Amino acid sequence: MSDEERPHGSGQRGDVSGESFIEAADAALEETYERPVSLSEYVDFVLENPHVASHASKYLLDAIEHAGTRTVIEEGEQKERYEFFDDPHNEGEHAILGNTEVLNDFVDDLRSIAAGRGKGEKIIWLDGPTATGKSELKRCLVNGLREYSKTPEGRRYTVEWNVAGAERSSSGLTYGDQAVSDEDDWYESPVQSHPLTVFPPEVRRELLDAINAELDDHIGVNVEGKLDPFCREAYDFLEEQYRREGTDHLFTAVTDPGHLRVKNFVVDVGQGIGILHSEDEGTPKERLVGSWMAGMLRELDSRGRKNPQAFSYDGVLSQGNGLLTIVEDASQHADLLQKLLNVPDEGTVKLDKGIGMDIDTQLIIISNPDLEAQLNQHADSGGMDPLKALKRRLDKHEFTYLTNLSLEAELLQRELTNETEVWRADRWDQLEERIREPLTMHVRDTSGDVHAKELAPHSIEAAALYSVVTRLVDTDLPSGLDMVDKALLFDRGYLEEGDERIDVADFEFDDRANDGEQGIPVTYTRDVIADLLHEERDRHHQDLPIEHVIMPRDVLNTMAEELTDAPVFSPTEASDFEDRLVQVKNHVFRRQENDVLDAMMREKRVDESTVEEYIEQVYAWATDDQIENERGEYVDPDPLKMKVFEIEHLGRFEETNYAGNDPDDAVREFRTDKIITALNRHAWHNRDEEFRVSDVNVKEIPVIKTVLGSHDWADVRRTFEDFDPRQWDNPPSGTETASLKRDTVRNMQELFDYSEASAELTSRHVMNQVSYKWD
């Protein structure tokens, strides 16, 4: 276009131009697609790269395993998780959070099916309540398979035919007598037929033996079945033409590169992936395989028979042939399920009474619990249950609500912000920072103005914890623990209180417990918070916009108040969930209280180097060893340094516990049991596979963690003698309370990402509770 016609702002900006984006798109497509090759070239390629000939279930398994694994902690246990389910190709947009054990079982079943070790006749059934990740799995499978098929390792191939070079007849593949030429003469298999199905069965078996001999995998390639009816029509036509001509090498003539080419395709919905949605309509045959096109039947006069070229091939099995077929919201298609019974076992469907089509696809059905109710409607009929055969074919994998606090917090943040990053952490404290962090959301009010609203620190954590607590059963709760403790055990794998650490392995939770089957779904929590964000609030404090701050207690109170009005919960469920609220509130308050205490005592923390020196002194004392001083000399541990640290920093002992600098039995026991034992335990937990221990992080030793970062109100009273929490809201100027408040609010912002407003509200809330017991 001319300069006058060029839109404002178009053209080059620095090194960026329209041409550069076109070139990038060209490069992306060139990396994705290959030129079509002859059947002979394809076979040579497959013999060198056997995995590209994989059958459907093996290809799906290869795609999942290709992405690798990572280690996670769920329900307190360390598990290996396939990264494919983190949706890595799409930056995590459709990652499935949690349910790692369910996904691993799903992959194990795929492995059995792919290897032919049983379950080949099964239909994989993904069941579970709404908002548990089943639909995300469908999207994740589509994304992952599409992107994998673009890689050299994941190339997927099919065949295309050209009969224009043979003598034309009314039954040719040209859809009538329309004159076509060149590329327009090529017709791709409408159901992604595998190139090896072109070979006669006995030759194909020998070829597969040769392929599997080159395959470095315990699961071999297994391509069964015949060419699809559309391709068979082309093959038979060409064979008939060359047979009439007396050609000696019929297969060579029929599969000549002028008639048959092998091409790669990008897997997507409609091409290698078939998805039947709940709203899809039609007869069972139309939904499963397709329909006859009356106009094409008339045009392709096939002498009284139905020409397979006149079939639409747009049913879910036709689209999913070669890889994956998904029936979504299966209860809406219950009439189809029985018709799918023999598909996995026999691998064939009917286009018409006399026309069959072989199918190679992995069948998956997705449903909410209502399908199970339909399947069990005749359960009391005993042997007369008409659905018994169907139920025997279904291999159920049950998705549940998340029972990990960190995963639920991540999911809730995704729901509110559309951020898709998958949280990754090497240590629990890294996850803890993500869980507690605030969120700032921009919301438009009724007048059209946009305001920034803050979900204060611990708000997401509070909502996520309450949701998880409602999903846990209390029948297997160990003595001395509450539901919050169980939730934390499931998330971290341990509980820690001061010097004591308890691992989840120390408890015997019931594996048959129905954790995660019921509870508050993330969609309910998301909607509650969304309403709070849009709520007009009438609160002010001096010049601080605290009306734009949503506190953890605001979220928890609203979640509980609206339970009885939510149709998704029964009255019994609503009452049970309300009863669990207090435990969550108490935990969240302790978290806020610790933030305030740490902020108040920030300048009084013990320097980490001082702690490390104390650890070194105690270890040398316990092992009758020496330590290296600043001058490089080896000397005995200093009893005075240990004594000063234990009295002034630990606050556990007094002068009376020492005879001079020599410790009494209580101090000796403390050093041995709390320091040395904790140090050894920490080293054991952090060993590698060869029992080597990396550098010890003293901050992870329970008693030391307490020294470094934990304070109580006795410490505050001792340090700030004139402090009065009852004056906190409006402290008199010039008082110790006023200066302490100023420093505390600032420290909360710097240490924990509070805003000034949320620090004000949180510290007020904490001081309001503390003032009751201050005297």
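Residues numbered from 1 in each chain as written. Predicted model: local features only at pLDDT ≥ 70, side-chain atom pairs only at ≥ 80, totals over all residues. Heavy atoms only, no water.

### Description of the overall build of the chain
Formally: We count a stretch as a helix when DSSP gives it H or I for four or more residues in a row; a strand needs E for two or more, and each element gets its number in order from the N terminus. Remark: exposure states derive from per-residue accessible area (1.4 Å probe, protein chains only) relative to the maximum for the residue type, with buried under 20%, exposed over 50%, and partly exposed in between. Contacts: residue pairs with any heavy atoms within 4.5 Å of one another. Method for areas: the Shrake-Rupley scheme with a 1.4 Å probe, in which residue coverage is limited to the protein chains shown.
Looking only at helices and strands, the chain features 30 helices and 22 strands. By the burial criterion, 49% of the 775 residues in the chain qualify as buried. Within the chain, contacts between residues separated by at least 24 positions form 71% of all contacts whose residues are at least 6 apart in sequence. When the accessible area of the chain is evaluated, it comes to approximately 38,300 Å², of which 44% is carbon and sulfur surface.

### Details of the nonpolar core
Cut-off, in case you're wondering: What makes a nonpolar core is a set of buried Ala, Val, Leu, Ile, Met, Phe, Trp, Tyr and Cys residues whose side-chain atoms join them at distances within 4.5 Å.
Counting 57 residues, the largest nonpolar core has Leu455, Tyr466 and Ile529 as its most contacted members. Sort the elements by how many residues they give to this core and helix H18 (residues 459–471) lands first, with eight residues. Here Ile529 is in contact with Leu412, Leu416, Leu455, Ile460, Ala463 and Val555, once residues within four sequence places are set aside.

### Re the confidence of the model for the chain
As a reminder of what qualifies: You can read pLDDT as the predictor saying how much it trusts each residue, on a scale of 0 to 100.
Across the chain, the average pLDDT comes to 86, with 88% of residues at or above 70. Below a pLDDT of 50 lies the segment residues 4–11, which in the model reaches three contacts outside its immediate sequence neighbourhood of four places, other chains included. Taken together, the stretch residues 168–181 has pLDDT below 50 and engages in 30 contacts with residues farther than four places along the chain or on a different chain.

### Regarding the pattern of salt bridges
Here is the rule we go by: Salt bridge, as applied in this entry: a Lys or Arg side-chain nitrogen positioned within 4 Å of an Asp or Glu carboxyl oxygen.
Enumeration according to the criterion identifies 47 salt bridges in this entry. Notably, a salt bridge pairs Arg111 with Glu65, separated by 2.6 Å at the nearest N-O pair. Placement of the pair is Arg111 in helix H4 (residues 100–115) and Glu65 in helix H3 (residues 56–66), with a sequence separation of 46 residues. For Glu65, a relative accessible area of 35% translates into the label partly exposed. Note that Lys643 is salt-bridged to Glu655, the shortest N-O span being 2.8 Å. Linking Lys643 in helix H25 (residues 639–649) with Glu655 in the loop between H25 and strand E21 (658–659), this pair joins segments that are 12 residues apart in sequence. Exposure remark for Glu655: the relative accessible area of 51% places this residue in the exposed category.

### Overview of the sheet that holds strand E9 (residues 324–327)
Going by this rule: For two strands to be treated as a pair, DSSP must find no fewer than two bridges joining them.
Taken in spatial order, the six strands line up as E7-E8-E9-E12-E3-E13 in an open sheet, and their pairing is parallel. Looking along the sheet, the strands with just one partner apiece sit at the ends: strand E7 (268–269) and strand E13 (394–398). Relative to E9, strand E8 (residues 272–276) runs parallel, the two being bridged by four bridges. Bridge pairing links Ile275 to Ile326 in E9.

### Observations regarding unusual backbone geometry
Its identity is not glycine, yet Asn99 carries a phi of approximately 50°, on the positive side. With respect to the helices and strands, the residue Asn99 is situated in the loop between strand E2 (77–82) and H4. Its relative accessible area of 9% is what places Asn99 among the buried residues. Of note, the phi angle at Asp329 is positive, near 50°, even though the residue is not glycine. Topologically, Asp329 is positioned in the loop between E9 and helix H12 (334–337). Judged by its relative accessible area of 22%, Asp329 falls in the partly exposed class.

### Describing the packing of aromatic side chains
Quick note on the threshold: Ring pairs are drawn from Phe, Tyr and Trp, using the six-membered ring of Trp, whenever the two centres fall within 6.5 Å, and their geometry is named by plane angle: stacked under 30 degrees, edge-to-face over 60, tilted for the rest. Criterion for a charge above a ring: Lys NZ or Arg CZ within 6 Å of the ring centre, and within 35 degrees of the ring normal.
Counted under the stated rule, the structure contains 20 aromatic pairs. Measuring from centroid to centroid gives 5.5 Å for Phe490 and Phe509, while their planes differ by 80°, and the two rings are edge-to-face. Of the two residues, Phe490 is situated in helix H19 (residues 483–492) and Phe509 in the loop between strand E17 (500–503) and helix H20 (522–534); the sequence distance between them amounts to 19 residues. The class for Phe490 is buried, based on a relative accessible area of 4%. Owing to a relative accessible area of 16%, Phe509 belongs among the buried residues under this scheme. An aromatic cluster is defined as three or more aromatic residues linked by ring pairs; in this entry it consists of Trp161, Phe199, Tyr235 and Phe251. Directly above the aromatic system of Trp774 lies the positively charged group of Arg717, at a separation of 4.2 Å from the ring centroid.

### Brief notes about the sheet that holds strand E6 (residues 260–265)
Sheet strands pair via backbone hydrogen bonds, and the direction of the pair is either parallel or antiparallel. Definition in use: Axis lines are fitted to C-alpha atoms, over the contacting stretch for helices. Their N-to-C directions set the angle, which ranges from 0 to 180 degrees.
What the three strands build is an open sheet, ordered E5-E4-E6; its pairing is antiparallel. Across the chains shown, the open sheet's two edge strands, defined by having one partner strand only, are strand E5 (187–188) and E6. By the bridge criterion, two bridges tie strand E4 (residues 156–161) to E5 in an arrangement that is antiparallel. Counterpart to Trp161 in the pairing with E5 is Tyr187. Sitting on the sheet, helix H7 (residues 229–244) is in contact with E4 and E5, with an inclination near 45° to E4.

### Brief notes about helix H17 (residues 428–436)
Just so we agree on the cut-off: By arc we mean the arc of the directions from the helix axis to the C-beta atoms, nothing more.
Those residues of H17 lying buried are Trp428, Leu431, Ile435 and Arg436. Seen end-on, H17 carries its buried residues on one side only, within an arc spanning 125°. Lining the buried residues of H17 we find helix H16 (405–417), H18, H19, strand E16 (494–497), helix H23 (581–600) and helix H29 (736–752).

### Some points on the side chain of Asp127
The condition is simple: Pairing of N or O atoms within 3.5 Å defines a polar contact, subject to two protein rules: one partner must be a possible hydrogen donor and the other a possible acceptor, and residues neighboring in sequence count only if both atoms are side-chain atoms.
The topology assignment puts Asp127 in strand E3 (residues 123–127). Using a relative accessible area of 1% as the deciding quantity, one classes Asp127 as buried. A polar contact of 3.2 Å, which involves the side chain of Asp127, links it to the side chain of Ser367. Residues within four places of Asp127 in sequence aside, it is in contact with Lys134, Ser367, Asn368, Pro369, Glu372, Lys396, His397, Glu398 and Phe399.

### So, the pairing of E9
On E9, burial covers both faces: Leu324 and Ile326 on one face and Thr325 and Val327 on the other are all buried. Strand direction decides the pairing type here: E9 and strand E12 (residues 362–367), joined by four bridges, are parallel. Counterpart to Val327 in the pairing with E12 is Ile365.

### Comments concerning the packing of H3 against helix H5 (residues 134–148)
Here is the rule we go by: Each angle is binned into one of four classes, with values under 35 degrees roughly parallel, values over 145 roughly antiparallel, values of 65 to 115 roughly perpendicular, and all other values oblique. Throughout, the ten residues Ala, Val, Leu, Ile, Met, Phe, Trp, Tyr, Cys and Pro are labelled nonpolar, Asp, Glu, Lys and Arg are labelled charged, and all others, Gly among them, are labelled polar.
In contact at an axis separation of 10 Å, H3 and H5 are set at 90° when each is read in the N-to-C sense. By the criterion of interaxial angle, the relationship of H3 to H5 is roughly perpendicular. Contacts between H3 and H5 involve Tyr59, Leu60, Asp62, Ala63 and His66 from the first element and Leu141, Leu145 and Tyr148 from the second. Its residues placed into classes, the contact of H3 with H5 shows six nonpolar, one polar and one charged.

### Details of a negative patch on the surface
Here is the rule: Each patch groups residues whose relative accessible area exceeds 30% and which form no salt bridge, using 9 Å between like charges and 5 Å between nonpolar side chains of Val, Leu, Ile, Met, Phe, Trp and Tyr. For the purpose of counting charges, residues Lys and Arg are taken to be positive, whereas Asp and Glu are taken to be negative. His and the chain ends are not included. Taken as the charge centre is NZ of Lys, CZ of Arg, CG of Asp or CD of Glu, depending on the residue.
Negative charge collects at one region of the surface, where Asp531, Glu561, Glu562 and Asp565 lie side by side. Here Asp565 is to be found in the loop between helix H21 (552–561) and helix H22 (571–579). For Asp565, a relative accessible area of 64% gives the class exposed.

### Details of the packing of H18 against H19
Remark: H18 packs on H19, axes separated minimally by 9 Å, with the N-to-C direction vectors making an angle of 100°. It follows from the interaxial angle that H18 and H19 lie roughly perpendicular. Along its contact with H18, which presents Leu465, Val468 and Val469, the element H19 presents Met483, Val484 and Ala487. Of the residues in the contact of H18 with H19, the class split is six nonpolar, no polar and no charged.

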